[in-house]
Every structure is written in structure tokens, then in C-alpha cells.
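Chain and residue survey
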Amino acid sequence: MSSRREFLQQGMRLSALGALAPTLIGQAQAAPQAAPADLTPPPDLFDAQLLDLDFWVKPRTLSVTRPQSGERAKLLYWKDGEVIDSAYQELCHLLRDVNGRETAPIDPKLLEMLWGTQAFIARYGMHQPLEILSGYRTPASNARLLEQGIPAARKSLHMVGKAADIRVASLNEEVLGGLIRSFRQGGVGYYYRSGPKGGWIHADTGLNRTWKG
């Protein structure tokens, strides 16, 4: 319970600009601001460093789907500088360990990164939900993946609610990963796979680093 309170208190203390905004504000003010209505850039030019202050003060609604369980939700979870507790709890449930059937607190900064990604591409007419392939994992679930030879770190940030494996239907791994990297708020792993669904991107709020798996 103490872990949950710490995460929630951290979320409640987010300023009206959000946790990611301070990193971006200085560069955003210095850079020429792009008007979304006038731009139709090729996807490989997506760059969160071009965001302005207004982007970070508006209410935040996150639309997600869990292919594994068939769940989907569209939740307003942040408004007027505060996390909405009921929506935060529901997002924690949606990002739970589906196999281990356990829920844990999700880092508010991770939710903000996911929202920022979704809200950014929505500026260019892309309104698909984020597919959450993996959110929180119990240590037992993580160990089981390792035993099966499935890519997973032994000290995975999934086990502390600071990582998610995601996919967006209209973006390939390179473009989605590049956008998330441009937030400069944690690790980005590129997982390339063939097939109709393609690969996915691992995003976390740990150290800034990238890798391919």
C-alpha cells in the first residue's frame, strides 16, 4: 500500500505543465513552432521537442486496448494539474499483469509518456488507441518469460510499473520508437517482428538508453 500511495502522491504533485514538459520547454520556446493544421510531415520527422506549452496544460485522455484480454478504455486521467484517482486506478488495472492476475501502481511519468505519444500523433489525424502488449509484470511472470526464451530483462522495469510494451496500428516500430525517444525520458527498445501485427516498442521511465531485440 505504501508503494501505491507514493506513486499516487507523485502523480498528484505533477505541475500544470506535467512531468515531461520542463525538459521540453526551453527547446520548444527556442524552436519555431509548427501549426499542426499546416503540416503533414512524413512520419520519420515526428519529434516531441517541437511541442509547445499549450500541449502540456490541456486535459489528458488516454485511449488504450489490451489485445491479450480484449479490454479497451478511453479515460480522462489528468486535468487542472492533478491526476484523477479513479481513472488512474482503472489505468493501473488495464496495465496489470494479465497472466499473473495482479495489479500494481503504474508510474505517472509512464502514463504521461504514453499520453504524449498518442496526443502528438493525433495532431496529424492518427487517432488509434495504444495497444498495450505488456504493462506491469510480476516477478514470476518475468521469470517465466526468461525460461521460455522470450526477451525480458532479469531486473525488468515492468516489475515496478515503469515500463510498457506498446504498438500503434498506423506506425511501424522505427517511427513509433523514434517519437518516444524524442521525449528523452527513459529507455526505448525496438522489437522488430514480421507478420500482420508487426513488432512493438518497449518504453520505460528508467535511464535514457536504446536497444534492439
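Where helix α5 (residues 108-122) contacts helix α7 (residues 173-181), the two axes come as close as 10 Å, and the packing angle between them is 120 degrees. On the basis of the axis angle, α5 is oblique to α7. Considering the relative orientation of α5 and α7, their crossing is right-handed. Of the residues in α7, those touching α5 at Met 113, Thr 117, Phe 120 and Ile 121 are Leu 176, Leu 179 and Ile 180.

Once that is clear, we can look at the packing of aromatic side chains. What the rule picks out here adds up to 7 aromatic pairs. Centroid distance Phe 55 to Trp 56: 5.1 Å. Interplanar angle 80 degrees. Geometry classified as edge-to-face. Both residues of the pair, Phe 55 and Trp 56, belong to the buried class. Taken together, a centroid distance of 5.2 Å and an interplanar angle of 5 degrees make the contact between Tyr 191 and Trp 200 stacked. Classification of Tyr 191 by relative accessible area gives buried; the value is 10%. Clustering of aromatic rings is evident, with ring pairs tying together Phe 55, Trp 56, Trp 115 and Phe 183.

Counting residues in each nonpolar core, the largest one holds 45 residues, and the members touching the most others are Leu 62 and Ile 166. It is α5 that provides the largest number of residues to this core, a total of 8 residues. Not counting residues up to four positions away in its chain, the partners in contact with Ile 166 are Leu 114, Leu 130, Glu 131, Ile 132, Leu 176, Ile 180, Trp 200 and Ile 201.

Looking now at helix α4 (residues 85-94). Restricting attention to buried positions, one finds in α4 the residues Ala 87, Tyr 88, Leu 91, Cys 92 and Leu 94. The arc enclosing the buried residues of α4, seen along the axis, measures out at 160 degrees, which places them on a common side.

Each strand in a sheet pairs with its neighbour through backbone hydrogen bonds, running either in the same direction (parallel) or in the opposite one (antiparallel). Spatial ordering of the open sheet is given by β3-β2-β1-β4-β5-β7-β6-β8, a layout of 8 strands whose pairing is mixed. Only two strands of the sheet have a single partner each, and these edge strands are β3 (82-83) and β8 (209-212). One ladder, built from 2 bridges, connects strand β1 (residues 60-66) with strand β4 (residues 130-134); its direction is parallel. The residue of β4 that forms the bridge with Val 64 is Leu 130. Across the sheet, α5 touches β1, β2 (71-79), β4, β5 (163-167) and β7 (200-204), and the angle it forms with β1 is around 95 degrees. Each of β5, β6 (187-191), β7 and β8 is contacted by α7, which is oriented at about 180 degrees to β6, the strand it contacts most.

Mapped onto the elements of the fold, Thr 138 is located in the loop between β4 and α6 (139-147). Taking the relative accessible area as the measure of exposure, Thr 138 reaches 6% and is therefore buried. With 23 residues separating them in the primary sequence, Thr 138 and Gly 161 have C-alpha atoms 9.7 Å apart.

What counts, and where the lines are drawn
Residues numbered from 1 in each chain as written. Predicted model: local features only at pLDDT ≥ 70, side-chain atom pairs only at ≥ 80, totals over all residues. Heavy atoms only, no water. Axes fitted to C-alpha atoms, helices over the stretch in contact; angles between N-to-C directions. Helix = DSSP H or I, 4+ residues; strand = E, 2+ residues; numbered from the N terminus. Parallel < 35°, antiparallel > 145°, perpendicular 65-115°, else oblique. Left-handed = near helix turned anticlockwise from the far one by under 90°. Contact = heavy atoms within 4.5 Å. Phe/Tyr/Trp six-rings, centres within 6.5 Å; stacked < 30°, edge-to-face > 60°. Buried < 20%, exposed > 50% of the residue type's maximum accessible area, 1.4 Å probe, protein only. Core = buried A, V, L, I, M, F, W, Y, C linked by side-chain atoms within 4.5 Å. Arc of directions from axis to C-beta. Pairing = 2+ DSSP bridges.

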